[in-house]
Amino acid sequence: MANTPVPDGLAASAARLGGPDGALTDSEAHDFIIEQLRAHPFDGKSVCVLVPDATRVCPLPMLMRAVHEGLHGRVSKLTVLVALGTHSAMDEPALAKMLGYDPGRLADTYPGTEVLNHEWWKPETFADLGTVPAARIEELSGGRMSEDVQVLLNKAVVEHDIALVVGPVLPHEVVGISGGNKYFFPGVAGQKIIDVSHWLGALITSAEIIGTTGITPVRALINDGSALIPGEKLAVKVVTAEGGGLHSVSFGTTEAAWASAAEVCAATHVEYLEAPVKRVLSIVPEMYDEIWTGAKGFYKLEPVVAEDGEVILYAPHITEVARNHPQILEIGYHCRDYFVKQWERFKDVHWGVLAHSTHLRGAGTYDADTGEETLRARVTLATRIPREVCESINLGYLDPDSIDIADFEADPDTLVVPNAGEILFRLREG
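Described below are features of the structure shown in this document. Within each chain, residues carry numbers counting from 1 in the order of the written sequence. Only residues with pLDDT of at least 70 are given local features in this predicted model, and only at 80 or more are side-chain atom pairs given and counted; all residues enter the totals for whole chains, interfaces and linings. By convention in this description, side-chain values take in all heavy atoms of the structure and omit both hydrogens and water.

This part takes up the sheet that holds strand β2 (residues 46-51). Two strands pair if DSSP finds at least two bridges between them. A run of H or I in DSSP counts as a helix once it spans at least four residues, and a run of E counts as a strand once it spans at least two, with each numbered from the N terminus. In spatial order, the strands read β1-β11-β10-β7-β2-β3-β4; together these seven strands make up an open sheet with mixed pairing. Where the open sheet ends on each side, the last strands, each with one partner, are β1 (15-18) and β4 (113-117). Across the sheet, the mean angle separating the axes of adjacent strands is 15° when strand polarity is ignored. Relative to β4, strand β3 (residues 77-82) runs parallel, the two sharing five bridges. Residue pairing for β4: Val82 is matched across the bridge by Asn117. Contacts are residue-level and defined by heavy atoms, with any inter-residue pair within 4.5 Å sufficient. Axis lines are fitted to C-alpha atoms, over the contacting stretch for helices. Their N-to-C directions set the angle, which ranges from 0 to 180 degrees. Contacts from helix α10 (residues 254-268) reach β1, β7 (162-168), β10 (232-240) and β11 (246-253), with the element oriented near 160° to β11.

Following this line, the structure appears as structure tokens:
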């Protein structure tokens, strides 16, 4: 399950404005996007624009205004599809806030545009693009998986001539660096390829894969699925800067724009520490409204936590674990080997749920003879989820009202991370 380098020249084949140093003005980013779109032959074609949901941070209203200005009046049809993955659907007020229009008045800001949620819960949402063969899955997984994977994709993508992905790239626990073709798989994909890709990432482990800029096995699988999409695939990929601006904007094919943006992301979204820390207070922002997404506050910190250390997810706004994935309440949170060594027991659980479980519980071992699980670090929830629920799913509990952030900041053994979930923390090599 080895990574492969990004092909020579791929990143350079995308157009890019900006880089790791400094930040672009909105005007610079806006004008660059329009320039790139106007130079590309969109005329007379239908375009499906894929955007993230509200769990990703970027100046999406500005980006969408530029995209609309660059395409409106030229294309035959313009559809915006929210790449929910398996997250909850966004209602009209939420969509309006995210995209930058007044609720109920989409046409005033984006005339000639339709906005759709990816309705992953409806079978009629999908088009069948074929399969990734078992031999390829076996190759990517180093022999640990072997089965044909059906490739289902939201039919809105297939029904348009061009798919244009718009959004940020970030260190990611499953694929290495997010963005690009990941907006198709899992963004608007069917369950099987979501499950297989996430479990493939879990077998590698989050701590190993997160922040990897090469072509990870998971990204290779995603690229294989994307190769089955019949239309043209383009992307506007951005790297966000502190304070809400942008370090860079890249335009090109989905793979080239991703590779270009990933180079910048690796330099701007990874913070290095000289030594591991005993405890982390991970302050989870309100855009993550359940543990299913708020767990990113652990993923990005696991690499710097000392042996037998602790990560506290401080999120007093969170009241539930995973509203769309109740199986997690049945299986709880465990390390990878807990499931691998009891595969007959767990093989029928959605593999995406198994993967999420291992990602939040982190590294550990499981002895099948004794039934003993040994975990490298403790994970404690300081949320509104009751103690008995936390303990039933193999997580610690801390009353969020007992937390004084200033006290944690004064503790030399504690790292306090505000707005956790996007910046990856790593130990400096050597």
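Below, the discussion takes up helix α9 (residues 217-226). The rule is simple: take the accessible area with a 1.4 Å probe, protein chains only, and divide by the maximum for that residue type; under 20% is buried, over 50% is exposed, in between is partly exposed. Counting buried positions along α9 yields nine of 10 residues, so the element is predominantly enclosed. Among the residues making up α9, those that are buried are Pro217, Val218, Arg219, Ala220, Leu221, Ile222, Asn223, Gly225 and Ser226.

Let us now look at the packing of helix α2 (residues 60-71) against helix α3 (residues 92-99). Relative to each other, α2 and α3 sit at 75°, their axes nearing to 6 Å. In terms of axis orientation, α2 runs roughly perpendicular to α3. Contacts between α2 and α3 involve Leu60, Pro61 and Met64 from the first element and Lys97, Met98 and Leu99 from the second. Per-class residue counts for the contact of α2 with α3 are five nonpolar, no polar and one charged. Our angle categories are set so that under 35 degrees counts as roughly parallel, over 145 as roughly antiparallel, 65 to 115 as roughly perpendicular, and the remainder as oblique. Each residue gets one of three labels, nonpolar for Ala, Val, Leu, Ile, Met, Phe, Trp, Tyr, Cys and Pro, charged for Asp, Glu, Lys and Arg, and polar for the others, Gly among them.

Pairing within the open sheet is parallel, and its five strands lie in the order β18-β17-β14-β13-β19. What marks the edges here is a single partner per strand, and that holds for β18 (396-397) and β19 (414-417). Alignment of strand β13 (residues 277-283) against β19, held across four bridges, turns out to be parallel. Considered in β19, the bridge of Ser282 is made with Val417.

Okay, the environment of Thr240 next. Within the element layout of this structure, Thr240 appears in strand β10. When its relative accessible area of 8% is taken as the criterion, Thr240 is described as buried. A distance of 3.4 Å separates polar atoms of two side chains, one belonging to Thr240 and the other to His269. Any N or O atom pair separated by 3.5 Å or less is treated as a polar contact, with the protein-specific requirement of one donor-capable and one acceptor-capable atom, and with residues adjacent in sequence counted only for side-chain atom pairs.

Turning next to the nonpolar core. Within this scheme, the nonpolar core is defined by two criteria: the residues are buried Ala, Val, Leu, Ile, Met, Phe, Trp, Tyr or Cys, and they are joined through side-chain atoms within 4.5 Å. Judged by nonpolar contacts, the single largest core of 100 residues is most densely connected at Leu50, Val157, Phe184, Phe185, Trp199 and Leu360. When residues no more than four places from it in sequence are discounted, the contact partners of Leu50 are Leu81, Val157, Ala163, Leu164, Val165, Val166, Tyr183, Phe184 and Val188. Ranked by size, the runner-up nonpolar core spans 41 residues in total, among them Met64, Ala66, Leu78 and Val238.

Our focus in this paragraph is the pairing of β3. Counting buried residues along β3, five of its six residues qualify, which places the element largely inside the surrounding structure. Across six bridges, the pairing between β2 and β3 is parallel. For Val49, the partnering residue across the bridge sits in β3 and is Val80. With α2 bridging β2 and the parallel β3, this β-α-β connection has right-handed handedness. Note on handedness: a clockwise path from strand one over the helix to strand two, with the strands aimed away from the viewer, defines a right-handed crossover.

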